[in-house]
Amino acid sequence: MAQKTPEIYSVELSGTEDVGKTDTGDGKEKYRGLKDKRLELKKNHQKEELKKEVDLEDHKLSIKELERKYGTNIVTGLSSTQAAELLARNGPNALTPPKETPEIVKFLKQMVGGFSILLWIGAILCWIAYGIQYFNDKSSSLDSVYLGCVLALVVILTGIFAYYQEAKSTNIMASFSKMIPQQALVIRDSEKKTIPADIRLLSTQGCKVDNSSLTGESEPQSRSCEFTHDNPLETKNIGFYSTTCLEGTATGMVINTGDRTIIGQIASLASGVGHEKTPIAIEIEHFVHIVAGVAVSIGILFFIIAVSMKYYVLDSIIFLIGIIVANVPEGLLATVTVTLSLTAKRMAKKNCLVKNLEAVETLGSTSIICSDKTGTLTQNRMTVAHLWFDNQIFVADTSEDHSNQVFDQSSGTWASLSKIITLCNRAEFRPGQESVPIMKKVVVGDASETALLKFSEVILGDVMEIRKRNRKVAEIPFNSTNKFQLSIHETDDPSDKRFLMVMKGAPERVLEKCSTIMVNGQEQPLDDSTAEAFHTAYMELGGLGERVLGFCHLYLPADKFPETYSFDVDTVNFPTSNLCFVGLLSMIDPPRSTVPDAVTKCRSAGIKVIMVTGDHPITAKAIAKSVGIISANSETVEDIAKRLNIPVEQVSKRDAKAAVVTGMELKDMSPEQLDELLTDYSEIVFARTSPQQKLIIVEGCQRQDAVVAVTGDGVNDSPALKKADIGIAMGIAGSDAAKNAADMVLLDDNFASIVTGVEEGRLIFDNLKKTIAYTLTKNIAELCPFLIYIIAGLPLPIGTITILFIDLGTDIIPSIALAYEKAESDIMNRKPRHKKKDRLVNAPLAIYSYLHIGLMQALGAFVVYFTVYAQEGFRPSALINLRVEWEKDSVNDLEDSYGQEWTQYQRKYLEWTGYTAFFVGIMIQQIADLIIRKTRRNSIFQQGLFRNKVIWVGIASQIIIALILSYGLGSVSALNFTMLRPQYWFVAVPHAILIWVYDEVRKLFIRLYPGSWWDKNMYY
Amino acid sequence: MKCPLTPNSWLNPSRGKRGQPLSSSLILLFYLVFYGFLAALFSFTMWAMLQTLNDEVPKYRDQIPSPGLMVFPKPVTALDYSFRVSDPESYRGYVDDLTKFLKSYDLEEQKNLTACPDGALREQKGPTYTACQFPVVSLKGCSGVEDPEFGYSTGNPCILVKMNRIIGLKPQGKPRINCISKGEKTATLSTYPSNGTIDLKYFPYYGKKLHVRYLQPLVAVQVAFNTTSTGKEVTVECKIDGSPNLRNQDDRDKFLGRVVFKITMHA
């Protein structure tokens, strides 16, 4: 049964009643399939529910009570009718997949989000205007209908584009989850077996389970029938759905299936946690509000002005549309999406797979990272860290490849110790991995034995060969009562006919069995001083949070144990005392070598790294110290107490920078106390925490206005991953539920990858600022013509369609190019942005773009416009209040400043030339704008004009598009472009240079007088 | 204490005792200076741009290579004249407009103009440029001399057709305004001067400033509705003809070298 996928399992169960005693292939696990009759779980999707420990009482009940509760019998099981009935009521034993938003809803959301509403209003106003026109005059031109259609088309196209971008990034994720098949929960014919449902264990035999898919801790846990803990996750008599049984056998009764299993509850509750809006989404919303506010208020203001200036209401509506179109940066949101997805791609290359595009930036604003220990900070494998023999502690290399084992290997004690390590070990490499580096080979065996095997393989060479030469004749495997492991071998010395007995185990147990100790290869009696030395070393290694093993051996005298002697492990017909103690060896799951550096980077970037682990406080603290989460010179309250030899209560809390808090302590804390803890200590380690407490910690951090990143891999982490501003799941060790809940997946499970992600995220925030500043600037240059047109009655300087060609044509590639800009200074040396104070679009940005550069740009473009009109015969003075006559269709002899007369179409053509001129004026100045936006503080020369090649691609694209529009499409009258004389392209150049000089001056003052009035008002 | 004139002190007003108000007045001052500077700069560039212009002749005339045609009385909205012979009020506007327009063609006004020889372009070298007389009598019944009502009272309304002024334009050949009634022959058209000729002596035009009091040649179209026809409605199309460099056909510009108007006369 355990070999089946969960779905099939349930089907089979409903068909056959007494399948209870099916043996698995290896016979390691037995289940009695008994169907649950649980009351319908109250599916309260409120997150308060999550913070409570999982709701399960069955572990407290006796077997009799269980039988009663589920109406079954533990010997005969359920009747088939009962089983079918239960199946019908409770559904098959499978998790319901998380609900997907329908594609059409996603698409429609894109259609109405952001500026789209404004543009829809513009389009509808166009059609209404045409309707009124048509009502009055059946022959009225279709211009406004076209404009309305163009606007609608713009909305739809940008909507489709954004949708496509989203879908593309979702697809990356989908393809990724396909790589890790959902069915992988069941591993057939291998050593591991997956538990098919939540099971109350009834009988066990040396059963160990790996609850890592649930808790994230891969440490095997033993299972028995006793009720040992109130918390169902801690108690020993429950086996959970989707966890794996590593060894031993157990029989149990199914108490929960499918969504009602613990894992199912967590998964479904996690999907109930509302996803918070990402910081960048809030920023973009804020930005949209600002721009829309400006657009609508200017639009309405000028509508009123126009009406009170006795313009027709219809004309006023047309003005309103023009103002809206000029104000709305139509291409910007698409640009932002592209920018984010470019960064997402860049991050994917660095092993950060971003599921939700907006999370790209969230990582950059992260101010607290709540990190898991196992697998994220550590290598997720036990590794030999220290050795103690000859009264000395030796340090072993714990780096990822173990290459550098420098401790003294000349002593005779080491020779003996290495033999014990090699022989007293049941772990084996899986065959067929000859070409794989030792550290990457797959080993069959538990974590400690694996560590020892690899350690000895690295130092001694082919361990299997050594074992072959020292044939094993008897073995007592490790068990929790003995706490030691023993094996007896022939020696590889053909002249030595003695048997070698080797033993390893808990150091104190091993020492009890010894009467001598080996020092420098010589056996010496074990006296009090050597025992003392042993204890000191044991305590020291234990204090490092390492798991310590003792090793001893005994050569069995050849006279008493001849070659033919038959060892019997049941009767123990050989001595197990008066052995010779050889040494200690300690193991730890060592930190990844890149992590300390990454933690230092986080610290200098102002990001607080908090470790949240289910591990022991001592181990957690040791790892925290070794990776720098607790820095070398900071102490906890307990450390200070120990150093000063005073009780903990007397220590002033202010002296301590670091704190190690256990789950039990956390349980008793009020939210206020937690807040205090989080603010008072800069270095915090949470140990022995339950997964639910992770959620409490995340919420505590969020109360400090922090942007919280949470790493997690277990199913039970998924609520915290969802709750976090950015949930980071582990790509290798992570469960599917965690990956589903997360915003980002670390493909290499490496904490250091988060730091590169942070860097990218910060850069993208800076660069988005630049992009937005760049895009907003020309809005004023597009808006001013309408305002001047209404107030001073000039012929319209720039048409609505032409504006769209800037917003969606020439400006697109340059604004994307800014995403490739390098950081101005070390962005990892400044504090994370405050999510409420450091806005994407702040007042200086808007003011500087609108009222400084934007205005200069408008003036420059007007110069080009006036030049074109003046050189064709209409001097600026003649243009004022010309609008009414200019636009009248019946006036075909409008006199210019030189007495020449113009027909309506000739004027219209001149007007289009004016549009083109204004367009070119803006475009030329946007080149300057693009260059100045490369930096916000540094001089362009510090940044380097040519370092970002994409900028130049952007500039080239601007010029080429403009050339094509003017010279290529100049004859297409619907586009309102004409062929512009070459010299007009240069009229705005002085203004462009002025913009650049002005901005250099601004930056110079900002650099010279940081914190000054100028800095505050001019730095965006 | 630092010298109050160092940039540091004016850049750091917050160090001053008054704090905030100083800062906002500084902002005001800044914008005053900044916008003053921008205004000055804009004025300067505009002034510099105007210096490149010639007072007499616009720099480019490429956008008006060929003149448009325009009619008088000035149409109010569309080119649609409608009046009632029996009701003088219904055509008063037209008559006033024509009278006003022909005011500059008054004999008195033309006294100081040159009587130029017919049939040839009149190129002048300056420095003074003279304008040719336009004998308004050549418009016959449409001159307003004999009939101050321009034929509206008698049911033979006059429409004046004028060619747009373009500096330096030298028509080739023998330009004339050719008017035809479109559709049913409900009316006969007479053009004055005969044949609708536009004399070359009025060209080229040297611009408002040099060519003071220049009078552009006019052609009058007088409509006589057929007594037999029931409908007193006619659509007239006038085109420039006889000159290869004056275009009269453009898909987009309906007034380039041509003009179409409609006259509806009620009894």
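Fair warning: this is a prediction, and the values are worked out from it, not measured in the lab.

A few words now on the overall build of chain B. Secondary structure assignment for chain B yields four helices and eight strands. Shown N-terminal to C-terminal, the secondary structure of chain B runs as helices and strands in the order α-α-β-β-α-α-β-β-β-β-β-β. A buried classification covers 47% of the 267 residues belonging to chain B. By element, 57% of the accessible surface of chain B is carried by carbon and sulfur atoms, the whole surface being about 13,900 Å².

Now for the UniProt feature "transmembrane region" (unreviewed entry) in chain A. All names here are of chain A. As recorded in UniProt, the sites labelled "transmembrane region" (unreviewed entry) are residues 112-132, 144-164, 287-311, 317-340, 841-866, 951-970 and 982-998. For residues 144-164, the helix share is 100%, the strand share is 0%, and the end-to-end C-alpha distance is 30 Å. Along residues 317-340 one finds 83% helix and 0% strand; the C-alpha atoms at either end are 36 Å apart.

Next up on the list: the sheet that holds strand 2 (residues 80-84) of chain B. Residues and elements named next belong to chain B. On the basis of which strands lie adjacent, the open sheet formed by four strands has the order 2-8-7-4 and mixed pairing. Sheet topology places strand 2 and strand 4 (176-182) at the edges, where each strand pairs with a single neighbour. Neighbour to neighbour, the strand axes of the sheet diverge by 25° on average, direction disregarded. As paired strands, strand 4 and strand 7 (residues 233-241) are joined by seven bridges and run antiparallel to one another. Within strand 7, the residue paired with K182 across the bridge is T235.

Before going further, it helps to spend a moment on the pairing of strand 1 (residues 69-72) of chain B. Residues and elements named next belong to chain B. Along strand 1, one buried face is formed by L69 and V71 and the opposite face, lined by M70 and F72, is buried too. For strand 1 and strand 3 (residues 158-163), the ladder comprises four bridges, and the chain directions are antiparallel. Directly across from M70, in strand 3, lies its bridge partner K162.

Facing the 52 residues of chain A at the interface are 57 residues of chain B. Carbon and sulfur atoms make up 59% of the surface buried where chain A meets chain B, a total of about 4,600 Å² over both sides. Inspection of the region where chain A meets chain B yields eight salt bridges. The partner of E895 of chain A in a salt bridge is R165 of chain B, with the nearest N and O atoms 2.8 Å apart. Linking chain A to chain B there are 22 residue pairs in polar contact (both at pLDDT 80 or more). Elements that contribute at least two residues to the side of chain A that touches chain B include exactly helix 30 (843-872), strand 26 (901-902), helix 33 (904-932), helix 36 (989-1008) and helix 37 (1013-1018) of chain A.

This part takes up the sheet that holds strand 7 (residues 368-371) of chain A. All names here are of chain A. On the basis of which strands lie adjacent, the open sheet formed by eight strands has the order 6-24-23-22-7-19-21-20 and mixed pairing. Looking at strand neighbours, the two that pair on one side only are strand 6 (352-354) and strand 20 (658-662), the edges of this open sheet. Here the strands of the sheet are splayed against their neighbours by 20° on average, with no regard to which way each runs. Across two bridges, the pairing between strand 19 (residues 608-612) and strand 21 (residues 683-687) is parallel. What sits directly across from M611, in strand 21, is V685. Sheet contacts for helix 20 (residues 617-627): strand 19, strand 20 and strand 21; angle to strand 21, the most-contacted strand, approximately 145°. Across the sheet, helix 23 (residues 671-680) touches strand 19, strand 20 and strand 21, and the angle it forms with strand 21 is around 135°.

Let us now look at the state of the cysteines. All names here are of chain B. This model, assessed by the stated rule, comprises three disulfides over all chains. Put simply, C116 and C132 are joined by a disulfide, and their sulfur atoms are 2.0 Å apart. Here the S-S torsion is close to -105°, and the disulfide linking C116 with C132 is therefore left-handed. Remark: C132 occurs in the loop between helix 4 (107-110) and strand 3 and C116 occurs in the loop between helix 4 and strand 3; sequence separation between them is 16 residues. The exposure classification of C116 matches that of C132, with both residues buried. Here C179 engages in a disulfide with C238; their sulfurs sit 2.0 Å apart. Torsion about the S-S bond of the C179 and C238 cystine: about 110°, corresponding to right-handed handedness. Residue C179 is found in strand 4, and its partner C238 is found in strand 7; the two are separated by 59 residues along the sequence. Judged on exposure class, the residue C179 and its partner C238 are both buried. Here the bonded cysteines of chain B are numbered in sequence order, and their pairing is 1-2, 3-4, 5-6.

Counting 230 residues, the largest nonpolar core has F751 of chain A together with F261 of chain B as the members making the most contacts within it. Discounting chain neighbours no more than four positions away, the residues touching F261 of chain B are V71, L79, Y81, I159, V234, T235, V236 and C238 of chain B. Among the nonpolar cores identified, the runner-up in size contains 32 residues, and I640, A659, V708 and A724 of chain A belong to it.

Our next topic: the UniProt feature "transmembrane region" (unreviewed entry) in chain B. Listed under "transmembrane region" (unreviewed entry) in the UniProt record, and renumbered for this structure, are residues 26-50 of chain B. Taken as a whole, residues 26-50 of chain B contains 100% helix and 0% strand, while its terminal C-alpha atoms sit 35 Å from one another.

The next thing to look at is the packing of aromatic side chains. Overall, the coordinates contain 62 aromatic pairs over all chains when judged by the stated rule. Ring centres of F407 of chain A and F455 of chain A lie 6.3 Å apart, and the angle between their planes is 15°; this geometry places the pair in the stacked category. Of this pair, F407 of chain A sits in the loop between strand 9 (392-395) and helix 14 (412-423) while F455 of chain A sits in helix 15 (residues 447-460), placing them 48 residues apart in sequence. Ring centres of Y905 of chain A and W912 of chain A lie 6.2 Å apart, and the angle between their planes is 90°; on these two criteria the pair is classed as edge-to-face. Comparing Y905 of chain A with W912 of chain A shows no difference in burial state: the two are buried. Connected via pairs of aromatic rings, a cluster forms that spans Y848, Y998, F1005, Y1009, W1013, W1014 and Y1020 of chain A together with F30, Y31, F34 and Y35 of chain B. Over the aromatic face of F429 of chain A sits the side chain of K441 of chain A, whose NZ or CZ is 5.1 Å from the ring centroid.

The omega torsion across Y192 of chain B and P193 of chain B is -10°, close enough to zero to call that bond cis. As for its position among the elements, P193 of chain B is in the loop between strand 5 (187-192) and strand 6 (218-225). Along the chain, F203 of chain B connects to P204 of chain B via a cis peptide bond; the corresponding omega equals -10°. Considering the arrangement of structural elements, one finds P204 of chain B in the loop between strand 5 and strand 6. In the Ramachandran plot, N391 of chain A falls in the positive-phi region, its phi being about 60° despite a non-glycine side chain.

The subject of this paragraph is the confidence of the model for chain B. Residue and element names in this part refer to chain B. In the predicted model, chain B carries a mean pLDDT of 83, and 90% of its residues have values of at least 70. For chain B, per-element mean pLDDT is lowest for helix 1 (residues 7-11), which scores 44, and highest for strand 3, which scores 91. Taken together, the chains of this predicted complex give a pTM of 0.81 and an interface ipTM of 0.90.

All names here are of chain A. On the surface, I124, W127, I128 and I132 cluster together to form a nonpolar patch covering roughly 330 Å² of accessible area. The topology assignment puts W127 in helix 6 (residues 116-136). With relative accessibility at 33%, the residue W127 sits in the partly exposed group.

Residue and element names in this part refer to chain A. Across its 13 residues, helix 24 (residues 691-703) extends 19 Å between first and last C-alpha, which sits within 8% of the 18 Å expected from 1.5 Å per residue. Extensive coverage of helix 24 is indicated by the burial of eleven of its 13 residues. Where helix 24 is concerned, the buried positions are P691, Q692, Q693, K694, L695, I697, V698, E699, G700, C701 and Q702. A positive backbone phi angle near 65° is found at D705, which sits one or two residues after helix 24.

Residue and element names in this part refer to chain A. Within the secondary structure layout, L423 lies in helix 14. L423 sits in the buried class, given a relative accessible area of 1%. Placed 79 residues apart in sequence, L423 and V502 show a C-alpha to C-alpha distance of 7.2 Å. Sequence-distant contacts of L423, defined by excluding residues within four places in its chain, comprise I466, R467, N470, S487, H489, L500 and V502.

The rules behind each value
Residues numbered from 1 in each chain as written. Chains lettered and ligands numbered in written order. Predicted model: local features only at pLDDT ≥ 70, side-chain atom pairs only at ≥ 80, totals over all residues. Heavy atoms only, no water. Helix = DSSP H or I, 4+ residues; strand = E, 2+ residues; numbered from the N terminus. Buried < 20%, exposed > 50% of the residue type's maximum accessible area, 1.4 Å probe, protein only. Areas by Shrake-Rupley, 256 points an atom, 1.4 Å probe, with all protein chains shown as cover. UniProt positions renumbered as here; feature names shortened; annotations may be inferred. Pairing = 2+ DSSP bridges. Axes fitted to C-alpha atoms, helices over the stretch in contact; angles between N-to-C directions. Contact = heavy atoms within 4.5 Å. Buried area = accessible area lost by both parts, 1.4 Å probe. Salt bridge = Lys/Arg side-chain N within 4 Å of Asp/Glu carboxyl O. Polar contact = N/O pair within 3.5 Å; in protein donor to acceptor, adjacent residues only side chain to side chain. Disulfide = S-S within 2.5 Å. Core = buried A, V, L, I, M, F, W, Y, C linked by side-chain atoms within 4.5 Å. Phe/Tyr/Trp six-rings, centres within 6.5 Å; stacked < 30°, edge-to-face > 60°. Lys NZ or Arg CZ within 6 Å of the ring centre and 35° of its normal. pLDDT = per-residue confidence, 0-100. Patch = residues over 30% accessible without salt bridge, like charges linked within 9 Å, V, L, I, M, F, W, Y side chains within 5 Å. Expected span 1.5 Å × (residues − 1).

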